[in-house]
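Coordinate analysis (summary)
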Amino acid sequence: MPPFPIRNPAPTNPAPAAEPDNAPLLLSVLGPLSARHDGRDLPLGPPRRRALLALLLIRPGRVVPTELLIEELWGEEPPRQAVATLQSHVSHLRRALQPASGPDRPSMLRHRAPGYVLELPPEQIDGCRFERLVAEGRRLLERRDPLAARDRLGAALALWRGSPYAEFDGHPPLCDESSRLEHVRLAAVEASAEARLALGAAQEVAADLDREARRHPARERLVGHLMTALSRLGRQAEALEAYERTRVHLDEEFGVGTAAELRRVRTAILRQEPGTCGPTAGSHTARPEPAGPALGAPVIGVAKADDGERTRRAEARPPVRAAQEPARPAAAEASGGAGTAGAEPGGPFTAAARCHEARRHGARSAEGGGTGSAAAGGAGAPRVTAGPGHTCGPVTTAVHSTSSMSDSP
């Protein structure tokens, strides 16, 4: 077995340098929410005020209506003077963030009808930098540059300090955003494993993915990379055990079998084919699209019951957008891709989407009295549509409005 000098992609990146004087404001959401300026943490106040900042952070540069903020902060039990209470929290946040704006400059938290907007460059939010690096790493992988992809994805994963917005479990939009970012992280872990496998680092991939595969057995692309790494290390029995865990989980939780790609990895291991390789970048769509926390991933096949056997189409489905809030600026993609890396949260192997698709497909077949094919020759296979959800990924440019803008109320 060749030596593998790299244990984890994160250490290959230089450690963050000490913050210089007059460093810009840095807002961290990949872990406990914090704001740091000139080497010190800024006081963000009590939980409700921190939640207000978080609700603005998931929509940087976008006006969030006052009514929506009140609803998301207090739910069905708003205070009697809800608008005045909200304005008080806004004023306190402005004072807390003012050192980063400068004494003679307007606050970055501004009133713009019909609500409030946080005017902040995306590079000052670690979540936006994370998504940009993930998107760049995946593009490099698609261009067959695994070394650069590994370094870029490693830099992204090094930013992850813990679950985003975990302290705000009573606010559904923030819970949804936390889930979405976790899916982006898992996609980055999968892409990083693919890049390192291409570089021959099976040992580190096997060590890094074992825990992730046990925590997320439905991530079939991740499991496929783990199986590949184990097989290349001569640990075929462990690779087949990983497959079996996923097969049982998918059957019990979703009533579907494993995807064709994962079955091919298993078959290659059983046949002891040289250079057994798992799902690659070509197995998923080349261009990620923003998706909600649960749906929106492309489907690799359709599963249905047929005389006790499960059959499946192997062709990949195109991605589908989840229901979204007001449209994001098109300039977001041009400025680096932040907010778009959360695409295909499960890659092409999304068991929940396949289960949903199978039910729809079966219903269509029953209505048409057909054979289960959407059209003759298998063309026009049905697509999964995303259900209702709250999508609020970071945006990289401010929304320009003709409305008047001021720092009050």
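These numbers were taken from a predicted model, which means no experiment stands behind them.

Another aspect to go through is the packing of aromatic side chains. The final tally for this structure, using the stated rule, is one aromatic pair. For the ring pair Phe130 and Trp160, a centre distance of 5.4 Å and an interplane angle of 55° mean the geometry is tilted. In this pair, Phe130 sits in helix α4 (residues 126-142) while Trp160 sits in the loop between α5 (146-158) and α6 (172-198), placing the two residues 30 residues apart along the sequence. Comparing Phe130 with Trp160, the two get one shared label, buried. Between the NZ or CZ atom of Arg185 and the centre of the ring of Trp160, over which it lies, the distance is 5.8 Å.

We now examine the sheet that holds strand β1 (residues 26-28). Sheet strands associate in pairs through backbone hydrogen bonding, adopting either a parallel or an antiparallel arrangement. Taking strand neighbours across the sheet as the criterion, the three strands line up as β1-β2-β3 in an open arrangement whose pairing is antiparallel. The sheet is open, and its two edges are formed by β1 and β3 (40-41), each paired on a single side. As defined by bridge partners, strand β2 (residues 34-37) adjoins β3 across two bridges and the pair is classed as antiparallel. Residue pairing for β3: Arg36 is matched across the bridge by Asp41.

Their axes nearest at 10 Å, the elements helix α1 (residues 47-57) and helix α3 (residues 82-101) cross at an angle of 80°. As the angle between them shows, α1 and α3 are arranged roughly perpendicular. Between α1, through Arg48, Arg49, Leu52 and Leu53, and α3, the contact on the second element is made entirely by Leu86, His89, Val90, His92, Leu93 and Leu97. For the contact of α1 with α3, a count of residues per class yields six nonpolar, two polar and two charged.

Take the pattern of salt bridges next. All chains considered together, the criterion is met by 22 salt bridges. For the salt bridge of Arg150 with Asp151, the shortest nitrogen-to-oxygen distance reads 2.8 Å. Classification of Arg150 as buried rests on a relative accessible area of 8%. Across the pair Glu261 and Arg264 runs a salt bridge whose closest N-O atoms are separated by 2.8 Å. Taken together, the residues span about one helical turn, with Glu261 and Arg264 both in helix α10 (residues 260-270) at a distance of three residues. Residue Glu261 is classed as buried on the basis of its relative accessible area of 19%. Judged by relative accessible area, which is 43%, Arg264 ranks as partly exposed. Among the ionic contacts, a cluster of salt bridges with common partners joins Glu123, Arg132, Glu136 and Arg152.

Given a rise of 1.5 Å per residue, 19 residues ought to cover 27 Å, and the 27 Å separating the end C-alpha atoms of helix α9 (residues 236-254) matches this to within 8%. Of the residues making up α9, those classed as buried are Ala239, Ala242, Tyr243, Thr246 and Leu250. One side of α9 carries all its buried residues, which in axial view fall inside an arc of 95°. Turned more than 90 degrees off the buried face of α9, the exposed positions are Ala237 and Glu252. At the exit of α9 stands Gly255, carrying a positive phi of roughly 70°.

Scored by pLDDT, the chain comes out at a mean of 74, with 61% of its residues at no less than 70. Every residue in residues 280-348 is under pLDDT 50, and counting partners more than four places away or in other chains gives 196 contacts. Here residues 369-407 scores under 50 on pLDDT; set against residues more than four positions off or in separate chains, the count is 119 contacts.

Below, the discussion takes up unusual backbone geometry. Each neighbour pair has its own omega, and for Ala113 with Pro114 the value is 10°, a cis peptide bond. Along the chain, Pro114 falls in the loop between β5 (109-112) and β6 (115-118). One non-glycine residue with positive phi stands out, namely Arg144, at about 60°. Relative to the elements of secondary structure, Arg144 occurs in the loop between α4 and α5. The backbone of Tyr165 shows a phi angle near 55°, a positive value even though the residue is not glycine. Relative to the assigned elements, Tyr165 resides in the loop between α5 and α6.

What counts, and at which threshold
- Residues numbered from 1 in each chain as written.
- Predicted model: local features only at pLDDT ≥ 70, side-chain atom pairs only at ≥ 80, totals over all residues.
- Heavy atoms only, no water.
- Phe/Tyr/Trp six-rings, centres within 6.5 Å; stacked < 30°, edge-to-face > 60°.
- Helix = DSSP H or I, 4+ residues; strand = E, 2+ residues; numbered from the N terminus.
- Buried < 20%, exposed > 50% of the residue type's maximum accessible area, 1.4 Å probe, protein only.
- Lys NZ or Arg CZ within 6 Å of the ring centre and 35° of its normal.
- Pairing = 2+ DSSP bridges.
- Axes fitted to C-alpha atoms, helices over the stretch in contact; angles between N-to-C directions.
- Parallel < 35°, antiparallel > 145°, perpendicular 65-115°, else oblique.
- Contact = heavy atoms within 4.5 Å.
- Nonpolar A, V, L, I, M, F, W, Y, C, P; charged D, E, K, R; others polar.
- Salt bridge = Lys/Arg side-chain N within 4 Å of Asp/Glu carboxyl O.
- Expected span 1.5 Å × (residues − 1).
- Arc of directions from axis to C-beta.
- pLDDT = per-residue confidence, 0-100.

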